[in-house]
Amino acid sequence: MTSSPIASTPRILVFDSGVGGLSIVHEIQKKLPFAPLIYASDNAFFPYGTKGEAELITRVDAVLHKIIAAHPIDIIVIACNTASTLTLPHIRDNFPQPVVGVVPAIKPAAAHSKSQVIGLLATPATVARPYTHALIREHAPNAEVISVGSSELVELAEHKLRGGEVKPEQLHTILQPFFLHSRIAEMDALVLACTHFPLLRNELAAQFLPQVQLIDSGEAIARRVASLLEPHHFIAQTPEHWAVFTKASSAVNALSPQLVQFGIHRINIIEV
Ligand code: DGL
């Protein structure tokens, strides 16, 4: 499809299965503090990391169409590695807006790593995707990549943002496959390849040796969004942000105080 012209005050859609996209919102807000955002969480179909590929492509397409019909937007950010590594070509073909995807930060990790022993922490789906394997082949062909896929960690990030406690022992158990790897002592870069995981950055950093740099795609995505919107000026006033969920639930209510931290005061439920 051809691109449609961008409105004078562009609105940015940031889309994820759950709260993970808020780590991308954080980076976008640092770069574009006056940009109005629609934060959309497909909480009715959460988590994405355990879903089949065909059903996920159909789902993301349907949810995006329904949300955009209610909230006109000018640029789509798929703030989810699990969705981006699968659905990007389809979304780009089916929506007129520019689409920015979030994919595992293998390239900067390989550039940073002196030892060429790199960790990859993602959902089980992202770890298994051919797209991820292609990124590794292209950008880290000589590296040992220790991959761990965890949906439990995604749940823990959700739990934290609802005000819950995250215990170091819980993280230690999830991260055990790293610690059992024969080359773990050499690892000096860890790719946080799920947008939920930067929300646990400090807790995760505490589990690894200080030499391990935690790397995610958030800042690069914010830069890309800013460059796509470059010719447009935002009015220097507090923007009105919205959060959209695909299902009403007590978890959404519990999340409200966190959303306020991101300047999001309005919530819409659009059932899909
Ligand atoms: N936040 C998502 C990602 O970046 C996925 C979490 C889920 O499994 O739903 O991969």
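To keep things clear, this report deals only with the structure shown in the data block.

Rules of the game
- Along every chain, residues carry numbers that run from 1 in the direction the sequence is written.
- Confidence filtering applies because this is a predicted model: local features only for residues at pLDDT of at least 70, side-chain atom pairs given and counted only at 80 or more, and all residues used for totals across whole chains, interfaces and linings.
- Hydrogens and waters are ignored; side-chain quantities use all the structure's heavy atoms.
- Note on pairing: two strands pair once DSSP finds at least 2 bridges between them.
- The helix and strand labels rest on DSSP assignments: H or I over at least four residues marks a helix, E over at least two residues marks a strand, and numbering proceeds from the N terminus.
- Only the contacting stretch of a helix is used when fitting its axis, a line to C-alpha atoms as for every element, and angles between N-to-C directions run 0 to 180 degrees.
- We call a residue buried when its accessible area falls under 20% of the maximum for its residue type, exposed when it is over 50%, and partly exposed in between, using a 1.4 Å probe and counting protein chains only.
- By convention a crossover is right-handed if, when the strands point away from the viewer, the path from the first strand over the helix to the second runs clockwise.
- Side-chain atoms within 4.5 Å link the members of a nonpolar core, which is a set of buried Ala, Val, Leu, Ile, Met, Phe, Trp, Tyr and Cys residues.
- Here a residue is considered near a molecule or strand provided that any single heavy atom belonging to it is located within 4 Å of it.
- Polar contacts here mean pairs of N or O atoms no more than 3.5 Å apart (in protein, one a potential hydrogen donor and the other a potential acceptor; neighbouring residues in sequence count only if both atoms are side-chain atoms).
- Each accessible area is a Shrake-Rupley result for a 1.4 Å probe, and residues are judged covered by the shown protein chains and nothing else.
- Three residue categories are used. Nonpolar comprises Ala, Val, Leu, Ile, Met, Phe, Trp, Tyr, Cys and Pro, charged comprises Asp, Glu, Lys and Arg, and polar comprises the others, including Gly.
- In this scheme Phe, Tyr and Trp rings, the latter by its six-membered ring, pair at centre separations within 6.5 Å, and the angle between planes marks the pair as stacked below 30 degrees, edge-to-face above 60, and tilted otherwise.
- Contact between two residues is taken to exist if any of their heavy atoms lie within 4.5 Å; hydrogens are not considered.
- Should an angle fall under 35 degrees it is called roughly parallel, over 145 degrees roughly antiparallel, and 65 to 115 degrees roughly perpendicular, with every other angle called oblique.
- In this scheme the handedness of a crossing depends on how the near helix is turned from the far one: anticlockwise by less than a right angle means left-handed, clockwise means right-handed.

Across the sheet, four strands lie side by side as β6-β5-β7-β8; this open sheet has parallel pairing. Of all strands in the sheet, those bounded by a partner on one side alone are β6 (144–149) and β8 (213–215). Each neighbouring strand pair of the sheet contributes to a mean axis angle of 20°, computed without reference to strand direction. Where strand β5 (residues 117–122) meets β6, six bridges bridge the pair, whose relative direction is parallel. Along β6, the bridge assignment pairs V117 with E144.

So, about unusual backbone geometry. With an omega dihedral of -5°, the bond running from F46 to P47 counts as a cis peptide bond. For P47, the position within the fold is in the loop between β2 (37–41) and α2 (53–70). The backbone of Q116 shows a phi angle near 60°, a positive value even though the residue is not glycine.

Regular strands place their side chains on alternate faces of the sheet. Side chains of strand β3 (residues 75–78) alternate between two faces, with I75 and V77 and I76 and I78 buried alike. The pairing of β3 with strand β4 (residues 99–101) spans three bridges and is parallel. Along β4, the bridge assignment pairs V77 with V100. With helix α3 (residues 81–94) bridging β3 and its parallel neighbour β4, the resulting β-α-β unit is right-handed.

L13, L64, I76 and I78 are the most contacted members of the largest nonpolar core, which totals 41 residues. No other element matches the six residues that α2 contributes to this core. Counting residues in hydrophobic clusters, the runner-up holds 31 residues, among them I24, V100, F262 and I264.

What follows covers the site of the ligand. Around the ligand, a shell composed of 14 residues is seen, among which S17, Y48, G49, T82 and H196 lie nearest. Contact between the ligand and N81: an oxygen atom at 2.8 Å from a main-chain N or O atom of the residue. For the ligand, an oxygen atom lies 2.8 Å from a polar atom in the backbone of T195. Protein burial of the ligand: of its 300 Å² of free accessible surface, 100% is covered by the chains. A class-by-class count of the residues in the shell around the ligand yields six nonpolar, seven polar and one charged.

What follows concerns the packing of aromatic side chains. Summed over all chains, the structure comprises four aromatic pairs. On the numbers, 6.3 Å between centres and 45° between planes, the contact of F15 with Y48 is tilted. One end of the pair, F15, is in strand β1 (residues 12–16); the other, Y48, is in the loop between β2 and α2, with 33 residues separating them in the sequence. Classification of F15 by relative accessible area gives buried; the value is 0%. Its relative accessible area of 2% is what places Y48 among the buried residues. Plain terms: the ring middles of F179 and F208 are 5.6 Å apart, the flat faces sit at 50° to each other, and that makes the pair tilted. Taken together, the residues F179 in helix α9 (residues 176–179) and F208 in the loop between α10 (201–205) and β8 connect sequence positions 29 residues apart. Classification of F179 as partly exposed rests on a relative accessible area of 23%. With relative accessibility at 9%, the residue F208 sits in the buried group.

Read across the sheet, six strands follow the order β4-β3-β1-β2-β9-β10 without closing on themselves; strand pairing throughout is parallel. The sheet is open, and its two edges are formed by β4 and β10 (264–269), each paired on a single side. Averaged over neighbouring strand pairs, the angle between their axes works out to 20° when direction is ignored. Across four bridges, the pairing between β2 and strand β9 (residues 241–245) is parallel. Across the sheet, A40 pairs through a bridge with V244, a residue of β9. α3 contacts β3 and β4 of the sheet and is inclined by roughly 165° relative to β4.

Before going further, it helps to examine the packing of helix α1 (residues 21–31) against helix α11 (residues 218–228). Two numbers describe how α1 lies on α11: the axes approach to 8 Å, and their chain directions differ by 50°. By the angle class used here, α1 and α11 are oblique. The chirality of how α1 crosses α11 is right-handed. On α11, the residues that touch I24, E27, I28 and K31 of α1 are G218, E219, I221, A222, R223, V225 and A226. Residues of the contact of α1 with α11, tallied by class, amount to six nonpolar, one polar and four charged.

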